[in-house]
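Read off the chains here:
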Amino acid sequence: MATEILLLGDLILDVPEPDHWLAGIAPWTRAADVVIGHVEVPYTTSTDELKGDVPAPGADPAHLDALARAGFTAVSLASNHMMDCGPAGLSETIAGLERNGIAHAGAGPNLAAARVPALIDAGGRRIALLSYNCVGPEASWAAEDKAGCAYVRVFATDGGPSRPQADLAEIDPASLDAMRADIAAARARADLVVVALHKGVTHRPAELAPYERPLAQAAVEAGADVVVGHHAHIVRGIEFHRGKPIFHGLGNGVVVTHALSPAQDHPARAEWAERRKRMFGFEPDPAYPLAPFHPEAVNGMIGRLEWREDGSLAAGFLPTWSEPPGRPVPAGSRAQAVADYIAAITRRAGLPPLRIADEGEGRFAIS
């Protein structure tokens, strides 16, 4: 019997009633055998603020319990915001995940710990999850004696430090080799390897940065069975490399937050809300105060894998739609339109044409 694995993008639950915001997709996640998402911000009571990026506030640590109730198995942690509340924020986040039995990878008290894969039991077979921050800020990265995220450094074209708003283009060979070594080591310990990359350009439909395809393909060549991307807060195209699926951007898993709203009493977040509109050329829909993203970000997906007993993978996705003020739900009557959107942005990104087949019951297969 095949194992069903669901893959979700960014998870930010920093408003009350987290179970409500997860409720639209929870029937899917509870029914799956393995569910992997990406925790974008710390879940902590710490009020520390990391310098070097627009800081996200810590979400209520108790909201991690809602992820467990929704059936999440594991999460990646390497993001540009995971260290926004300092080492204490990361420590409390990890403690909350472990309290709920949710495996995690990508961040830790030092770089060695951040690079350790999460190992997930799946009916007698083992899945390894690795997680890397590819966008900075460098202050969020772990070191030998410093808490933070695992990372792949991507050099900025202006010669400045790696940071989310920089024009990132060229992969650092040394950190690429480190990722390859991690994947090879995980491959020796697991039957299936998932690599999560926090990468790309935020808020722009379809666009892939120059390094994204080479980096994802390098992960496959090193032994990854599937590569998932997040960070852009809008879905990206899908491709196959050596027969392995690469989801270049899963978009928002569940993101509900007041921190991105133009109405802010925090100076840095208020300035970013205005600058973001100028940089990316869109006005948030006022109907989505908790998810003020690009208007096309209402089109969403959950990646889906069928891991067969012979070890082969069938890939696809579950189309979602974001309903006001920001809750994702099954796309329902909009499902075909969302599938068409994913096919279109795949073409616009210069990726090979994607074949999408409607399998019914909200499932779409890809090849």
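Residues numbered from 1 in each chain as written. Predicted model: local features only at pLDDT ≥ 70, side-chain atom pairs only at ≥ 80, totals over all residues. Heavy atoms only, no water.

Enquirer: Tell me about the overall build of the chain, and please be specific about residues and values.
Expert: Looking only at helices and strands, the chain features nine helices and 20 strands. The C-alpha atoms of the chain give a radius of gyration of 18 Å, which matches the 21 Å a tight globule of 367 residues would have. Along the longest, intermediate and shortest principal axes, the C-alpha atoms of the chain span 55 × 45 × 40 Å. Out of the 367 residues belonging to the chain, those deemed buried represent 61%. Within the chain, contacts between residues separated by at least 24 positions form 70% of all contacts whose residues are at least 6 apart in sequence. Summed over all atoms, the accessible surface of the chain reaches about 13,600 Å², with 51% contributed by carbon and sulfur. One way to put it: in the chain the 32 positive side-chain charges average out to a point 4 Å from where the 45 negative ones average out. (Helix = DSSP H or I, 4+ residues; strand = E, 2+ residues; numbered from the N terminus. Rg over C-alpha atoms; globule rule 2.2 N^0.38 Å. Buried < 20%, exposed > 50% of the residue type's maximum accessible area, 1.4 Å probe, protein only. Contact = heavy atoms within 4.5 Å. Areas by Shrake-Rupley, 256 points an atom, 1.4 Å probe, with all protein chains shown as cover. Lys, Arg positive; Asp, Glu negative; His and termini not counted. Charge placed at Lys NZ, Arg CZ, Asp CG, Glu CD.)

Enquirer: Break down the pairing of strand β11 (residues 192-198) for me, with residues and values.
Expert: Among the seven residues that make up β11, seven are buried, leaving the element largely enclosed by the rest of the structure. Here β11 shows two buried faces, one formed by L192, V194, A196 and H198 and the other by V193, V195 and L197. With seven bridges joining them, strand β7 (residues 125-133) and β11 adopt parallel strand pairing. The residue of β11 that forms the bridge with Y132 is L197. With five bridges connecting them, β11 and strand β12 (residues 226-230) associate as parallel partners. (Pairing = 2+ DSSP bridges.)

Enquirer: For helix α4 (residues 86-99), give the residues involved together with the corresponding values.
Expert: For an α-helix the count is 3.6 residues per turn, leaving residues at separations of three or four pointing the same way. The terminal C-alpha atoms of α4, which comprises 14 residues, lie 20 Å apart, in line with the 20 Å expected from a rise of 1.5 Å per residue. Along α4, the residues classified as buried are G86, G89, L90, T93, I94, G96 and L97. Summarising the axial view, the buried residues of α4 lie within an arc of 160 degrees, below the 170-degree limit, and thus occupy one face. Exposed residues on α4 whose side chains face more than 90 degrees from its buried face are P87, E98 and R99. Contacts made by the buried residues of α4 are with β2 (34-39), α3 (64-69), β3 (74-76), β4 (103-105), β5 (107-108) and β8 (148-149). Residue G101 follows α4 closely and has a positive phi angle near 70 degrees. (Expected span 1.5 Å × (residues − 1). Arc of directions from axis to C-beta.)

Enquirer: Run through the nonpolar core, naming residues and quoting values.
Expert: The biggest cluster of nonpolar side chains holds 86 residues, and the ones touching the most others in it are L7, L67, I127 and F247. Sorting elements by how many residues they give to this core places strand β1 (residues 3-13) first, with seven residues. One finds V195, L197, A218 and A224 within the second-largest nonpolar core, a separate group that totals 34 residues. (Core = buried A, V, L, I, M, F, W, Y, C linked by side-chain atoms within 4.5 Å.)

Enquirer: An account of the sheet that holds β7 is requested, with residue identities and associated values reported.
Expert: Read from one edge to the other, the open sheet built from six strands follows the order β6-β7-β11-β12-β14-β13, with strand pairing classed as mixed. Edge positions in the sheet fall to β6 (118-122) and β13 (238-241), since each has one partner strand and no second. Recorded for the sheet is a direction-independent mean angle of 20 degrees between the axes of neighbouring strands. Across the sheet, helix α6 (residues 173-189) lies against β6, β7 and β11, angled at about 165 degrees from β7, the strand it touches most. Most of the contacts of helix α7 (residues 212-222) go to β13, to which it runs at about 40 degrees, and overall it touches β11, β12, β13 and β14 (244-247). (Axes fitted to C-alpha atoms, helices over the stretch in contact; angles between N-to-C directions.)

Enquirer: Can you explain the environment of G362? Please cite residues and give values.
Expert: Assignment of secondary structure puts G362 in the loop between β19 (356-360) and β20 (363-366). We classify G362 as partly exposed; its relative accessible area is 27%. Considered as a pair, G362 and N299 are 63 residues apart in the sequence and their alpha carbons are 14 Å apart. The residues contacting G362, other than those within four sequence positions of it, are W28, F317, L318 and P319.

Enquirer: An account of the packing of aromatic side chains is needed here, citing residue identities and associated values.
Expert: Scanning the entire structure with this criterion turns up two aromatic pairs. Ring centres 4.2 Å apart and planes at 5 degrees place the aromatic pair W141 and Y151 in the stacked group. Of this pair, W141 sits in the loop between β7 and β8 while Y151 sits in the loop between β8 and β9 (154-156), and the two are ten residues apart along the sequence. Residue W141 is classed as buried on the basis of its relative accessible area, which comes to 5%. Centre to centre, the rings of F317 and F364 are 5.6 Å apart; their planes meet at 5 degrees, and the pair counts as stacked. Of this pair, F317 sits in strand β17 (residues 313-323) while F364 sits in strand β20, placing them 47 residues apart in sequence. Using a relative accessible area of 0% as the deciding quantity, one classes F317 as buried. Lying over the aromatic face of W307, R125 brings its terminal NZ or CZ to 3.7 Å of the ring centre. (Phe/Tyr/Trp six-rings, centres within 6.5 Å; stacked < 30°, edge-to-face > 60°. Lys NZ or Arg CZ within 6 Å of the ring centre and 35° of its normal.)

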